[in-house]
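The chain contents come next:
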Amino acid sequence: MKERLTRNLWIKLLSLFCAFFVWLAVVNIANPIVTATQEIEVEIVNDSILERANLAYEVVGKKTATISYKIRTKDAYRLRDTDFRAYVDLSEMYDVTGAIPIRVEVLKNKDLLESAPVVKAPEVLKIQTEDILTKSFALEARPAGTPGEGCQPGTISIIPSQVSVRGPVSLMGQISSVGIEFDVEGATADVSGMATPVYYDANGNVLKDLGESVRTLSGDVSYSMQILKVREIPLDFVVSGEVAAGYRYTGAEASLRTISVAGLKSDLASLNTITIQDPALNIQGATQDKVCQIDLADHLDPKLSIAGLENTVVEITLRVERLRERSFTAEAKDITLAGQEDSLSYSLGDSKAEIRVRGLKEDLDSLS
C-alpha cells in the first residue's frame, strides 16, 4: 500500500500544482460573486426622545450587528467595517418589547457591492428604559494631605455650595453624598482651583462605576481654602475678689499654661498673651482652694481658633492658704544697733522681746 502511494510521487505533486493554477486562472477570469459579512458597532440616534420623556435607557445584549452582502471575489478584500454604518432610531422603538430594527447604510465603496447589505443577526436591538431622577446634594469638601509645618487648614469656600445630579433611579439610589477632593499636602499659602464633583456611597467610598448616565448638571466647582499659621500663646488668668481674713491667695494652677492658636498671619502678629477674665475666677471670701472650668474658645477672638485640642475646656485651681503665726524671742545679743552717734554711748538691758510673725507656712518655716 505504501509503495502505491509513493510511486510516481513527483507526477502527483505536479498534478496538484497544475490544478491550483487552473483554479486560480478560472477565478481570475470568472471572478465569481461571493457572500461576505462584517461585524458593525450599532449607533443609537434620536436618544433625545427618551430624555425628553424623562427616561434613561440601556442596551440589552449585543451592541453590534452582523451584516452580509454580495461582492465579486477580487473586490472582497477592499471592504472594511468602517465602510458601513449600522444604527437604530429610538423613535422606532416598540414600547412593549423595547425592540428597534437595525438599519444599515453604505458609507464608502458602494460601487463594489453586487447587492445591498442586509442585517443578518440580530435584526433588532433591544433597549431597556428606566425613569430619570434629578436630586440636589450639598457639596462636601474633602481636602487630602497635611499642610506645611506650622500651618493648619482654615475656612473652605465652595461655589456653588450644592449641585443637582441627574441619572437613572437605580443608580441615583447608590449616591449618599457628593463632594470635591483637592490636595493640600505641604501647603503654606491659601489653596484654590476647580474640581469635578465626586459621588460617594453611604460608607463614604467613591462610586466609580456609575457611567456617563449619571451627571452633575452644574459642571465643575470652584473652591478655596485658607491655610492658617499656628503659634504657641501663653494664657494669663485674671483673678478678682479678696479672700477671707486670715487667708491669702497664692496663685492659679491650670491644666494648660499655653495653647496653639491658628489664624491669619496678620491676626497673630500682635497677639502675645490670651487674657482669661471670667466671673468664675473670683475668690471673694474664699477660705479654701477653688476649682473652676472655663472654655478657652469663649475668650478667643472669633478670627482665631484653637489648634490641636479636641476639648477646649481648661480646669483652673485657685489656691487659697490659711495664714499661720510663729513667735520669735529676741535677746540683746540678737539686736544690731544702727545710726549710732560717736558722742554717745549705748547699752541694752537684759529684757527679752517676743516677736510674732504671720505668713504662709512655707515662708514661716524658712525663718530662723
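Model, not experiment: these values are computed from the prediction. (Residues numbered from 1 in each chain as written. Predicted model: local features only at pLDDT ≥ 70, side-chain atom pairs only at ≥ 80, totals over all residues. Heavy atoms only, no water.)

*Asks:* Please clarify how the overall build of the protein should be interpreted in this entry.
*Replies:* Each helix and strand in the protein was counted, giving six helices and 23 strands. Taken over the C-alpha trace, the protein has a radius of gyration of 48 Å; the compact-globule value for 368 residues is 21 Å, which it surpasses by more than 25%. Restricting the contact set of the protein to residue pairs at least 6 apart, pairs at least 24 apart contribute 76%. When the accessible surface of the protein is totalled, it reaches about 23,600 Å², and 49% of it is carbon and sulfur. (Helix = DSSP H or I, 4+ residues; strand = E, 2+ residues; numbered from the N terminus. Rg over C-alpha atoms; globule rule 2.2 N^0.38 Å. Contact = heavy atoms within 4.5 Å. Areas by Shrake-Rupley, 256 points an atom, 1.4 Å probe, with all protein chains shown as cover.)

*Asks:* Explain the pattern of salt bridges to me, please; I cannot follow it from the model alone.
*Replies:* Pairs may arise between side chains of opposite charge once their charged atoms sit close together. One pass over the structure, following the stated rule, counts 15 salt bridges. Between E43 and R85 there is a salt bridge; the shortest N-O distance is 3.0 Å. Taken together, the residues span a long stretch of sequence, with E43 in strand β1 (residues 33-45) and R85 in strand β4 (residues 84-89) at a distance of 42 residues. What makes E43 partly exposed here is its relative accessible area of 36%. (Salt bridge = Lys/Arg side-chain N within 4 Å of Asp/Glu carboxyl O. Buried < 20%, exposed > 50% of the residue type's maximum accessible area, 1.4 Å probe, protein only.)

*Asks:* Can you walk me through the side chain of D201 in this structure?
*Replies:* Inspection of the secondary structure puts D201 in the loop between β13 (198-200) and β14 (215-216). At 2.9 Å, the side chain of D201 and the backbone nitrogen of N203 are in polar contact. If sequence neighbours within four positions are ignored, D201 has contacts with Q174, S176 and L207. (Polar contact = N/O pair within 3.5 Å; in protein donor to acceptor, adjacent residues only side chain to side chain.)

*Asks:* Whenever I open this one, the nonpolar core confuses me. Can you help?
*Replies:* Soluble globular proteins tend to bury their nonpolar side chains together. Counting 24 residues, the largest nonpolar core has V165, I175, V178, Y199 and V214 as its most contacted members. At the level of secondary structure, the elements contributing two or more residues to this core comprise β8 (124-144), β9 (151-159), β10 (162-168), α4 (169-172), β11 (177-183), β12 (191-195) and β15 (221-240). Considering each element in turn, this core owes the most residues, four residues, to β15. With near-sequence residues (within four places) excluded, V214 lies in contact with V165, R166, G167, P168, L171, M172, I175 and Y199. Counting residues in each nonpolar core, the second largest holds 23 residues, with A286, C292, L296 and I316 among its members. (Core = buried A, V, L, I, M, F, W, Y, C linked by side-chain atoms within 4.5 Å.)

*Asks:* I keep staring at the confidence of the model for the protein and nothing clicks. Help me out?
*Replies:* Detailed reading of predicted coordinates is not advised where the pLDDT is low. In the predicted model, the protein carries a mean pLDDT of 87, and 92% of its residues have values of at least 70. Mean pLDDT across the elements of the protein bottoms out in helix α1 (residues 2-6) (53) and peaks in β13 (96). (pLDDT = per-residue confidence, 0-100.)

*Asks:* What am I meant to see in a nonpolar patch on the surface here?
*Replies:* Together, I335, L337, L344, Y346 and L348 make up an exposed nonpolar region whose accessible area comes to about 440 Å². Tracing the backbone shows I335 in the loop between β22 (324-330) and β23 (353-359). (Patch = residues over 30% accessible without salt bridge, like charges linked within 9 Å, V, L, I, M, F, W, Y side chains within 5 Å.)

*Asks:* Could you clarify how one ought to interpret the pairing of β10 in this entry?
*Replies:* As a general feature of sheets, a regular strand has side chains that alternate between the two faces. When you tally the buried positions in β10, you get five out of seven residues, the bulk of the element. Bridge count between β8 and β10: seven bridges; the pairing is antiparallel. The residue bridging A138 from the neighbouring strand is Q162, located in β10. As judged from the two bridges shared by β10 and β14, these two strands associate in the antiparallel manner. Counted as the bridge partner of R166 is R215 from β14. (Pairing = 2+ DSSP bridges.)

*Asks:* How do you make sense of the sheet that holds strand β7 (residues 118-121) when you look at a structure like this?
*Replies:* The strands that make up a sheet are held in pairs by hydrogen bonds between backbone atoms, and each pair lies either parallel or antiparallel. Spatially, the five strands line up as an open sheet ordered β6-β4-β1-β3-β7, and their pairing is mixed. Since the sheet does not close on itself, it has two edges, and those belong to β6 (103-106) and β7, each with one partner. Neighbour-to-neighbour, the strand axes of the sheet open up by a mean angle of 40°, direction not taken into account. (Axes fitted to C-alpha atoms, helices over the stretch in contact; angles between N-to-C directions.)

*Asks:* For this particular structure, what's the right way to read the packing of aromatic side chains?
*Replies:* Any pair of aromatic rings gets described here by the distance separating the centres and the angle formed by the planes. All chains considered together, the criterion is met by two aromatic pairs. Aromatic pair F182 and Y223: ring centres 4.2 Å apart, planes at 15°, arrangement stacked. Of this pair, F182 sits in strand β11 while Y223 sits in strand β15, and the two are 41 residues apart along the sequence. Both residues of the pair, F182 and Y223, belong to the buried class. In this structure, R85 packs its charged tip against the face of Y87, placed 4.4 Å from the ring centre. Positioned over the ring face of Y200 is R142, at 3.7 Å from the centre of the ring. (Phe/Tyr/Trp six-rings, centres within 6.5 Å; stacked < 30°, edge-to-face > 60°. Lys NZ or Arg CZ within 6 Å of the ring centre and 35° of its normal.)

*Asks:* I'm lost on the sheet that holds strand β21 (residues 313-322) in this one. Help?
*Replies:* What the three strands build is an open sheet, ordered β16-β21-β19; its pairing is antiparallel. Among the strands making up the open sheet, the edge pair consists of β16 (247-254) and β19 (290-295). Taken pair by pair, the neighbouring strands of this sheet meet at an average axis angle of 25°, ignoring direction. As judged from the six bridges shared by β19 and β21, these two strands associate in the antiparallel manner.

*Asks:* I tried to follow the side chain of T64 on my own but got confused; where do I start?
*Replies:* Along the chain, the position of T64 falls in strand β3 (residues 64-72). A distance of 2.7 Å separates a polar atom in the side chain of T64 from a polar atom in the side chain of E39. The residues touching T64, leaving out its near neighbours within four places in the chain, are E39, I40, E41, V42 and P122.

*Asks:* Help me understand unusual backbone geometry, please; the structure alone is not making it clear to me.
*Replies:* Where the residue is not glycine, phi is negative for most of them; where a peptide bond is considered, it is trans in most cases. Look at the link from I159 to P160: it is a cis peptide, with omega at -5°. You can see P160 is positioned in the loop between β9 and β10.

*Asks:* I'm lost on the environment of T37 in this one. Help?
*Replies:* On the secondary structure map, T37 appears in strand β1. For T37, a relative accessible area of 41% corresponds to the partly exposed category. Put simply, T37 and Y69 are 32 residues apart on the chain and 6.4 Å apart in space, counted from C-alpha to C-alpha.

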